[in-house]
Amino acid sequence: MTGWSEVEYTAVRELRGPLAIVEGVSGVGWDEFARITLDSGERRYGLVLEVDRELAVVQVLEDTSGMDPEGVRVSFAGQPLRIPVGPGWLGRVCNGRGEPVDGGPPVFGEHSAAVGGTPINPVRREPPSDPVLTGVGAVDALTTLVRGQKLPVFSVAGLPHLELAAQIAAQSTVGGDPFSVVFAGMGLTHPDARFVRDVLEERSAAGELVLLLNTADDPVIERILTPRIALTVAEHLAFAGGRHVLVVMTDMTAYAEALREVSAARGEVPARRAYPGYLYSDLASLYERCGRIRGRKGSITVLPVLTMPAGDITHPVPDLTGYITEGQIVLSRRTHALGVYPPMDALSSLSRLMRKGAGPGRTRPDHLDLAAQMLAALSRARQVRELADLVGEAALSPTDHRYLAFDEAFLRHFVDQPRDEARSMDQTLDTAWRVLLALPRSQLAMLSPTLLDAHGAREGTADGEERESGA
């Protein structure tokens, strides 16, 4: 960092949690980068959260533990925190502050960028289009991820959301275009951090991955900085380097809790569930950094992962995230209990931009109609299962029994897949056809006769036997 002021302030009024209150400052601005020197010579760094007359509130990135207010000197850089950007980040493993933990040298770049990012001019925004294929069949077929989209994963504690996030980061592709993944882990346990490194080792070795890992015992302020550094790195790779970049951020609930802790230390008036009143705008400042820019080749796609405390989808973090993003992938305890991976609740999941990234010329001509028919059949199957719970399966019609069989096949053959398997779109859609064709042709009204004939759809007779359509 260059440009440090020669003036050092020694009047530290108070150390409060991760915050240092500095007195007698002059010419210091909000979000300015600060250097804190201890009597021992140790240096720590911070960001200015607030300036009021001659008082500056500085959040210390390495926390204030071990600091003595009497022996602290603070200087300011005169500009926000900036980091080097460029392809030098690819293949590196760093902590949440961007410092290498892979034994390599610090990350260097020809250019630097402010971690706060630069808002995209709305006039220059291009609508999201074309798919990011994750290799996870249920996601690709039913909630297609589109380049430039923000699509969160809603989960609860105990479900394999981290495994799903790592799998998506490990095997996502965008065809033949340059592609990179930036993975930001926040509040991870050390075993989880090792798991992520192991799963993503091959992609990292190929120079296609940037890995930022903030563990649960790291300073809380680092957790707030981690997604901003990830997005800053991604922005340069995408809009200066022409790459399509997928940014996976997990767990955004840990991020929001860190934000709440800092807010409480500042003495701010709490809002719902004690989160700060600006939680919505803070989350939006992260999620809205995705997209595509007219005249630029690259794109940023954001996949935030968050856990819903007690499974409450009305909790402030998933609730506000849902307002900002374009759909959601919901993981289900019931599906997980059946031993299905990923335990996706297809009827609660949605990609609002799916039609921008799927269909003719993008995935397959039959994709959108097939997905719509799958969801319609799944909805009917759930109704039949509820009816069976009331009247018993013996009272169901032959068609209703077909729907129960379809529901079971949907989970066991379509959704369920090995955690290290990357399914192609053709494999996924062909499996969908095999599962759907367990239903009578008369129940597949959302598919054209041409498609049904091409895939050998059969009609069921009254006694449950099958005959060829038109026979």
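Look up: the structure comes first, before these words.
Residues numbered from 1 in each chain as written. Predicted model: local features only at pLDDT ≥ 70, side-chain atom pairs only at ≥ 80, totals over all residues. Heavy atoms only, no water.

Caption draft 1: Geometry of unusual backbone geometry. Here the bond from Thr-250 into Asp-251 is cis, since omega is 5 degrees, no more than 30 degrees from zero. Secondary-structure assignment places Asp-251 in the loop between β16 (244–250) and α6 (252–265). Between Tyr-341 and the following residue, Pro-342, the backbone shows a cis peptide bond with an omega angle of -5 degrees. Looking at the secondary structure, you find Pro-342 in the loop between α9 (333–337) and β20 (350–351). (Helix = DSSP H or I, 4+ residues; strand = E, 2+ residues; numbered from the N terminus.)

Caption draft 2: Focus on the environment of Thr-428. Looking at where Thr-428 falls in the secondary structure, it is placed in helix α13 (residues 425–436). As for Thr-428 and Gly-137, which are separated by 291 residues in sequence, their C-alpha atoms are 5.3 Å apart. Not counting chain neighbours up to four residues away, the residues in contact with Thr-428 comprise Gly-137, Ala-141, Phe-414 and Arg-423. (Contact = heavy atoms within 4.5 Å.)

Caption draft 3: Expanded view of the layout of surface pockets. The space that makes up the second largest pocket amounts to roughly 530 Å³. In terms of lining, the second largest pocket is formed by 20 residues, of which the most central are Trp-30, Asp-31, Leu-49, Arg-228 and Asp-282. Elements represented by at least two residues in the lining of the second largest pocket include exactly β4 (43–52), α5 (220–239), α6 and α7 (279–287). It is α5 that contributes the most residues to the lining of the second largest pocket, four residues altogether. Along the lines of polarity and charge, the residues of the lining of the second largest pocket split into eleven nonpolar, four polar and five charged. (1 Å grid on protein atoms, 1.4 Å probe; cavity = no way out; pocket = protein on both sides within 12 Å on 5 of 7 lines; lining within 4 Å. Points joined across faces, edges and corners; volume = space filled by probe spheres on them. Nonpolar A, V, L, I, M, F, W, Y, C, P; charged D, E, K, R; others polar.)

Caption draft 4: View of helix α2 (residues 161–171). Burial of α2 is extensive: nine of the eleven residues sit out of reach of the surface. Among the residues making up α2, those that are buried are His-161, Leu-162, Leu-164, Ala-165, Ala-166, Gln-167, Ile-168, Ala-169 and Gln-171. Where α2 is buried, its residues meet β13 (153–155), β14 (179–188), α3 (190–199), α4 (201–205), β16 and β18 (299–307). (Buried < 20%, exposed > 50% of the residue type's maximum accessible area, 1.4 Å probe, protein only.)

Caption draft 5: Inspection of the nonpolar core at higher detail. Phe-183, Phe-406, Phe-410 and Phe-414 are the most contacted members of the largest nonpolar core, which has 132 residues in total. With twelve residues, the top contributor of residues to this core is α5. Apart from residues lying up to four places away in sequence, Phe-406 is in contact with Met-374, Ala-377, Leu-378, Ala-381, Val-435, Leu-436 and Leu-439. Among the nonpolar cores identified, the runner-up in size contains 17 residues, and Val-25, Leu-38, Ala-56 and Met-67 belong to it. (Core = buried A, V, L, I, M, F, W, Y, C linked by side-chain atoms within 4.5 Å.)

Caption draft 6: Local environment of a nonpolar patch on the surface. A surface patch of nonpolar side chains, about 300 Å² in accessible area, is lined by Leu-387, Leu-390 and Val-391. Take Leu-387: it is sitting in helix α11 (residues 367–391). (Patch = residues over 30% accessible without salt bridge, like charges linked within 9 Å, V, L, I, M, F, W, Y side chains within 5 Å. Areas by Shrake-Rupley, 256 points an atom, 1.4 Å probe, with all protein chains shown as cover. Salt bridge = Lys/Arg side-chain N within 4 Å of Asp/Glu carboxyl O.)

Caption draft 7: Fine view of the pattern of salt bridges. Scanning all chains against the criterion turns up 30 salt bridges. In this structure, Glu-222 engages Arg-97 in a salt bridge whose closest nitrogen and oxygen atoms are separated by 2.5 Å. Taken as a pair, Glu-222 in helix α5 and Arg-97 in the loop between β8 (93–95) and β9 (111–114) lie far apart in primary sequence, 125 residues in all.

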